[in-house]
Amino acid sequence: MRLPSWWRRTRRRAICSEDVRLTGTHWFWLTWLVLLTQIQLSYYLPITVAAMGIGITLLRMLSIYLPWRYSRGYAYENFGGAASDVARYSLRKPPLRWKQWLSFVLGIAALLVVYFSYGYLFYRDASVGLLFILVAIKFSESTTRRDAMLLVCLASFLLITTFFYTQSPLILLISLLAFFALGGALDAIFLPGASLEKAHIRRTMKRFSILVLQGIPIALLLFMLFPRLSAPLWGLPHAQMAQTGLSDSMGPLDITELSLSDAIAFRVDFEGEPPPNAQRYWRGPVFSFYDGVSWRPGPTLTARPELTAGDGTEIHYTIVLEPHFRHWLFALELPSQLPQRLSGEAERQGRRFAYLTTTRQLLSVVPVSQTLRYAQTSVLRSRYPASRGDAMQNLHLPRVGNPKTHELAQQLWGDGLTSQEYVRTVLAYFYNEGFSYTLSPEYIEKDPIDGFLFETRAGFCEHYAAAFVVLMRAAGVPARIVTGYQGGEINPQGGYMIVRQSDAHAWAEVLIDDEWLRVDPTAAVAPDRIEFGLGRALPDDARVPAFARLDAGWLKALALNWDALKHAWTRHVIEFDYRRQRELWRDWSLDGALWKVAIALTGSAIVWIGLLALFLAWRTRRGEPAQVLWRALCSRLARAGLPREIDEGPLNYLMRAGDRWPTWRTTLARMAQAYAILRYAAPTALQRRQALHYLRQGLKTLPAAQRLRSL
C-alpha cells in the first residue's frame, strides 16, 4: 500500500509542477518553432495539406496576438502588476479556450485531407503530411507546460522529415533557424524566470550556440567513422512530386514549353576536356509511332553496347541526374557501355541498374525518384548499326492527314535520288524557303505538318524534327525522332557542366545503308542553336529563359555560384555513403577492423568530453569564489522552483527562500549574511575565510534541487 501511495503523491507533485500555464515567452518561442518548421516543409507537400496545417497555426496565432478588448489595467489586476512579458502580452486577450471535440473533428478532417491528397495513409509521404497537420492542432490546443514539451518533441521530429525531400544547404540554413527556435522553446520551458528581455534572449542564444559548437566535433567524427547503413531509413514508397522534364510522348508544343524552364535536368563532370557544343547530344526517349498529332515510342528490345573506342572518340564522365520520376537516363551519343551507379544503396552500386534498348536509349530499372549519380562512357558518333525490323517500324504514317506534305515529298524526291541525296534536298528546302526558329509558334490543330510547312513556316525544334521525319517516311525512307538535350553550360566556379530544361531538343534519325544516321534539321534553320545554345539563336526580344539569355549578368553569376555550392555539398556531404566511408577507412587503415573504429570513436569522444569538462571547470573557477558559490546557490534554488527576481537583493532573496523552506531558514540566513559581507563589506582575512566557509558548508548541507522541489 505504501508504494502505490508514494507513486500517486510523486506523480501528483510532478503534474502540479509541470502543468504551469503557458506565458507570452512560451508562446513566442513555440510560435516561431512551429512556423519555421512548417514553412520549410510546406513546399514539398500537397497544397491542401500545407494550407490546412498552416491555416490552423495562423488562426491560433490570431487568437493569441491580435489586440482585443482588455487593457493594461487588466494585466496588472490579474497578474499582480508584474512588469515582465506577462504584462506585455496581456494587452491582448488570452488564448481562446480549446475544446476537446474540436481536436477530434480536426483530426478526422486531417485524415480525409491526407487521404484525398495522396491516395493512401500508411506510407512515408502521407505520414509526414498527417504529422504536419497534427503539429498545428497540438499547437492550437496547448495550454500547459506539459503540452509545450510534447509539442517540442513533435516539431523536432517534423523538422527532420524535411530532409526526406531535400538536403540542400539552403534548407540546412532554414533548419538552423528552427533549431535555435527549438533552443529558445526549451529554455523557456525548463528555465524558471525566462523572459523576452533582450538580455535574456541574447543569453539564451549564446548558451544554445555554445552547446551547438561543442557538439560539432563529435558530429563530424560520427559522420566520418560511425558505420553507415547501406540503405536509407526512409527508403519507402512515396508520392511523385510534379517535375519538369521530357515526357513519354511529344506533341507540337511540348519541347517549346519545356524550353521555357531554367530548371536543372542534370550536371556532368568530365574526365578531361568536354566535347564542343555541337557534339553534346544527350540522348533520351526515341519516338517511332505517329498518329497524326503526337509521337510515341515504338516497341523496343534490350540490346548490348557494341561500340568500342576504335569506332570514335571515347569520353568518360559522371552524371548527377535530378529526379524526374521516369525510367530514362541520359548519355552522350552514343553510349558504349552500361552506366555504373555511384550513389544509393551499397549493395546495388556496381550491380546492373540500367539497360540499353535497341534504340540506343538508356533506361533505369526503376523510376528515378531521387538524385542519381552514375558514371558513363560514350563514343562520339552520329551513326550506328540498325537492328532487324527497324525499317518496318519507322515507315508508318496515318492514312489520312497532311496531304500537302505527301505531295511535297514526291516533288523533292525526284528521279534517281539516293536516300542520302534526298536528306540533303529536304535540309536545303528548310534552309532556302524562309523558315524561322521561334519559341512562340502557332498551334495548328488540323494537319499540323501541312500548317507548319505551308502556312506558318515558324517553329521550334520539335516542328522541324517532326516535319523532317514525315517527309522522309512519305518518300519511303525510314526515320524517327529522338528527344533529349543539346548543349550545356560549363560552370566556371565548379568546372562541371549544367544541362537545363531549356536545353531540351528534338532531332531525327534516318536509316540509310543499314545504319541509323543522326540528322538535326534545326541546324539547317538555326545553326547558332547547335553551335552556341538557345540564347544565341533567338532575337533579343524573344521569350528566352533567364539563364539562357546572353545578357543575364550578375543574376546568372550569382545562380552559378549558388549551384556550385550545392554541387559541392552534394558530392562531399550528401553522397558520403557506405562506399566512400569504406574508402576513407582504407586510407586510415581502419577497414576490416571494426574494433579500431570503435576505439577511435570512444577515445575521441572521451578526449573531447574531457577537454570540455576542463574548460568548464576553468571558467567556473576563474571567477571570484564568492560569486561562484553565489551563482551555484541561485541556480539550485531556481531549479527547485524559486528563481531570483532581477531587482531582488541577496538578503531579501534568501529570506524569501527561508519562508519557502522553513527547515533551512537558519542556513539560508547565514549564507545571505556571509555573501553580503563578502560582496558589500571590507572583510578582514579572517572574516573572509569564515564567510566562504559558511557559503561552502551551506551548499553542502542544503538538499539538492529535486528534493527541495518536492518539499
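Along every chain, residues carry numbers that run from 1 in the direction the sequence is written. The predicted nature of this model means local features are confined to residues of pLDDT at least 70 and side-chain atom pairs, given and counted, to a pLDDT of 80 or more, with totals for whole chains, interfaces and linings taken over all residues. Working from all heavy atoms in the structure, the side-chain values ignore hydrogens and water.

A. Structural view of the overall build of the protein chain. Only DSSP runs of H or I with at least four residues qualify as helices, and only runs of E with at least two residues qualify as strands; both kinds are numbered from the N terminus onward. Scanning the protein chain from terminus to terminus reveals 27 helices and 19 strands. A total of 711 residues make up the protein chain; the buried ones form 45% of that total. Should any heavy atoms of two residues lie within 4.5 Å, those residues are counted as being in contact. Sequence-distant contacts in the protein chain: of pairs separated by 6 or more residues, those separated by 24 or more amount to 74%. Burial here depends on accessible area, computed with a 1.4 Å probe over protein chains only, as a share of the maximum for the residue type. Under 20% is buried, over 50% is exposed, and the range in between is partly exposed.

B. Spotlight on the packing of aromatic side chains. Only centres within 6.5 Å qualify two rings of Phe, Tyr or Trp (six-membered ring in Trp) as a pair; their planes then separate them into stacked at under 30 degrees, edge-to-face at over 60, and tilted for everything else. Following the criterion strictly, the structure yields 30 aromatic pairs and no others. When the ring of Tyr-43 is compared with that of Tyr-44, the centres are 5.0 Å apart and the planes differ by 90 degrees; the resulting orientation is edge-to-face. Tyr-43 gets classed as exposed once you look at its relative accessible area, which sits at 65%. Taking 5.7 Å as the distance between ring centres and 50 degrees as the angle between the ring planes, the aromatic pair formed by Phe-270 and Tyr-317 counts as tilted. Note that Phe-270 is positioned in strand β1 (residues 264-270) and Tyr-317 in strand β6 (residues 313-321), a separation of 47 residues in sequence.

C. Quick peek at the packing of helix α15 (residues 448-456) against helix α16 (residues 461-474). Put simply, α15 and α16 touch, their axes get as near as 10 Å, and they point 105 degrees apart. With respect to α16, the axis of α15 lies roughly perpendicular. Between α15 and α16, the residues in contact are Ile-449, Phe-452 and Leu-453 and His-463, Tyr-464, Ala-466, Ala-467, Val-470 and Leu-471, respectively. Each residue gets one label: Ala, Val, Leu, Ile, Met, Phe, Trp, Tyr, Cys and Pro are nonpolar, Asp, Glu, Lys and Arg are charged, and the others, such as Gly, are polar. Across the contact of α15 with α16, the residue classes tally to eight nonpolar, one polar and no charged. An axis is simply a line fitted to the C-alpha atoms; with a helix, the fit covers only the stretch in contact. Between two such axes, the angle follows the N-to-C directions and lies from 0 to 180 degrees. Any angle that is under 35 degrees is reported as roughly parallel, and any over 145 degrees as roughly antiparallel; angles of 65 to 115 degrees are reported as roughly perpendicular and all others as oblique.

D. Molecular detail of unusual backbone geometry. That bond from Glu-333 to Leu-334 is cis: its omega, 5 degrees, falls within 30 degrees of zero. Tracing the sequence through the fold places Leu-334 in the loop between β7 (331-332) and β8 (340-341). Of note, the phi angle at Asn-402 is positive, near 55 degrees, even though the residue is not glycine. If you trace the backbone, Asn-402 turns up in the loop between α12 (390-393) and α13 (403-413). What makes Asn-402 buried here is its relative accessible area of 5%. Unlike most non-glycine residues, Asp-513 shows phi in positive territory, near 55 degrees. Take Asp-513: it is sitting in the loop between β18 (504-512) and β19 (515-519).

E. Region of interest: the pattern of salt bridges. Any Lys or Arg side-chain nitrogen located within 4 Å of an Asp or Glu carboxyl oxygen qualifies as a salt bridge. According to the stated counting rule, one finds 16 salt bridges in the structure shown. Measuring nitrogen to oxygen at the nearest pair gives 2.5 Å for the salt bridge that ties Asp-187 to Arg-207. In this pair, Asp-187 sits in helix α9 (residues 169-190) while Arg-207 sits in helix α10 (residues 198-225), placing the two residues 20 residues apart along the sequence. Looking at Asp-187, the relative accessible area reads 11%, which means it is buried. Using a relative accessible area of 37% as the deciding quantity, one classes Arg-207 as partly exposed. Between Arg-283 and Glu-333 there is a salt bridge; the shortest N-O distance is 2.5 Å. Of this pair, Arg-283 sits in strand β2 (residues 281-287) while Glu-333 sits in the loop between β7 and β8, and the two are 50 residues apart along the sequence. We classify Glu-333 as buried; its relative accessible area is 3%. The network of salt bridges with common partners includes Arg-283, Glu-333, Arg-480, Glu-509 and Arg-518.

F. Quick look at the nonpolar core. Among the nonpolar cores identified, the biggest contains 77 residues, and Phe-266, Trp-282 and Phe-430 are the most heavily contacted of them. No other element matches α16, which puts 11 residues into this core. Think of a nonpolar core as a cluster: buried Ala, Val, Leu, Ile, Met, Phe, Trp, Tyr and Cys residues, connected wherever their side-chain atoms sit within 4.5 Å. Among the nonpolar cores identified, the runner-up in size contains 48 residues, and Leu-36, Met-61, Ala-148 and Ala-194 belong to it.

G. Up close: a nonpolar patch on the surface. Patches in this entry comprise residues that are over 30% relatively accessible and not in a salt bridge; like charges within 9 Å are linked, as are nonpolar side chains (Val, Leu, Ile, Met, Phe, Trp, Tyr) within 5 Å. Surface accessibility in these figures is a Shrake-Rupley result with a 1.4 Å probe; residues are shielded only by whichever protein chains are displayed. A cluster of nonpolar side chains, contributed by Trp-101, Phe-104, Val-105, Ile-108, Leu-111, Leu-112, Tyr-115 and Phe-116, occupies part of the molecular surface with about 890 Å² of accessible area. Mapped onto the elements of the fold, Leu-112 is located in helix α6 (residues 100-118).

H. Representation of the side chain of Asp-269. Considering the arrangement of structural elements, one finds Asp-269 in strand β1. Polar contact criterion, stated in full: a pair of N or O atoms within 3.5 Å, where within protein one must be able to donate a hydrogen and the other to accept it, and residues adjacent in sequence count only if both atoms are side-chain atoms. A polar contact of 3.1 Å, which involves the side chain of Asp-269, links it to the side chain of His-567. With residues near it in sequence (within four places) discarded, Asp-269 still touches Tyr-317, Thr-318, Tyr-496, His-567 and Arg-571.

I. Examining the pairing of β2 more closely. The buried count for β2 comes to seven of seven residues, which makes it a mostly enclosed element. Bridge analysis of β2 against β7 gives two bridges, and the strand direction is antiparallel. The partner of Arg-283 across the bridge, within β7, is Ala-331. We treat two strands as partners when DSSP finds at least two bridges between them.

J. Broad picture of helix α7 (residues 124-141). In this model α7 runs 26 Å from its N-terminal to its C-terminal C-alpha over 18 residues, within 8% of the 26 Å that 1.5 Å per residue would give. Buried residues dominate α7, accounting for 15 of its 18 residues. Every helix has an expected span of 1.5 Å times one less than the residues it contains.

K. Here's a closer look at the sheet that holds strand β10 (residues 362-364). Reading across from one edge, β5-β9-β10 is the order of the three strands in this open sheet, with antiparallel pairing throughout. One side of each edge strand has no neighbouring strand; the edge strands of this open sheet are β5 (302-303) and β10.

L. View of helix α23 (residues 625-639). Spanning 15 residues, α23 covers 21 Å between terminal C-alpha atoms, matching the ideal 21 Å at 1.5 Å per step. Within the span of α23, buried status applies to Ala-626, Gln-627, Val-628, Leu-629, Trp-630, Leu-633, Cys-634, Arg-636, Leu-637 and Ala-638. Downstream of α23 by one or two residues, Gly-641 has phi in the positive range, about 105 degrees.

M. Region of interest: the sheet that holds strand β12 (residues 383-385). Ordered by their spatial adjacency, six strands build an open sheet running β7-β2-β15-β18-β19-β12, and the pairing between neighbours is antiparallel. Both outer strands of the open sheet, β7 and β12, are each paired with one neighbouring strand and no more. Pairing geometry for β12 and β19, over three bridges, is antiparallel. Residue Pro-385 lies in a different strand from β19, and its bridge partner there is Glu-515. Sheet contacts for helix α14 (residues 419-432): β18 and β19; angle to β18, the most-contacted strand, approximately 150 degrees. Each of β15 (479-486), β18 and β19 touches α16; the most contacted strand, β18, lies at about 15 degrees to it.

N. Structural view of the side chain of Thr-37. Here Thr-37 lies in helix α2 (residues 24-42). Judged by its relative accessible area of 1%, Thr-37 falls in the buried class. Only 2.7 Å separates the side chain of Thr-37 from the backbone oxygen of Leu-33, close enough to count as a polar contact. Leaving out residues up to four positions away in the same chain, Thr-37 has contacts with Ala-155, Leu-158, Leu-159 and Ala-178.

Interpretation note: all reported values are geometric properties and have no functional meaning in isolation.
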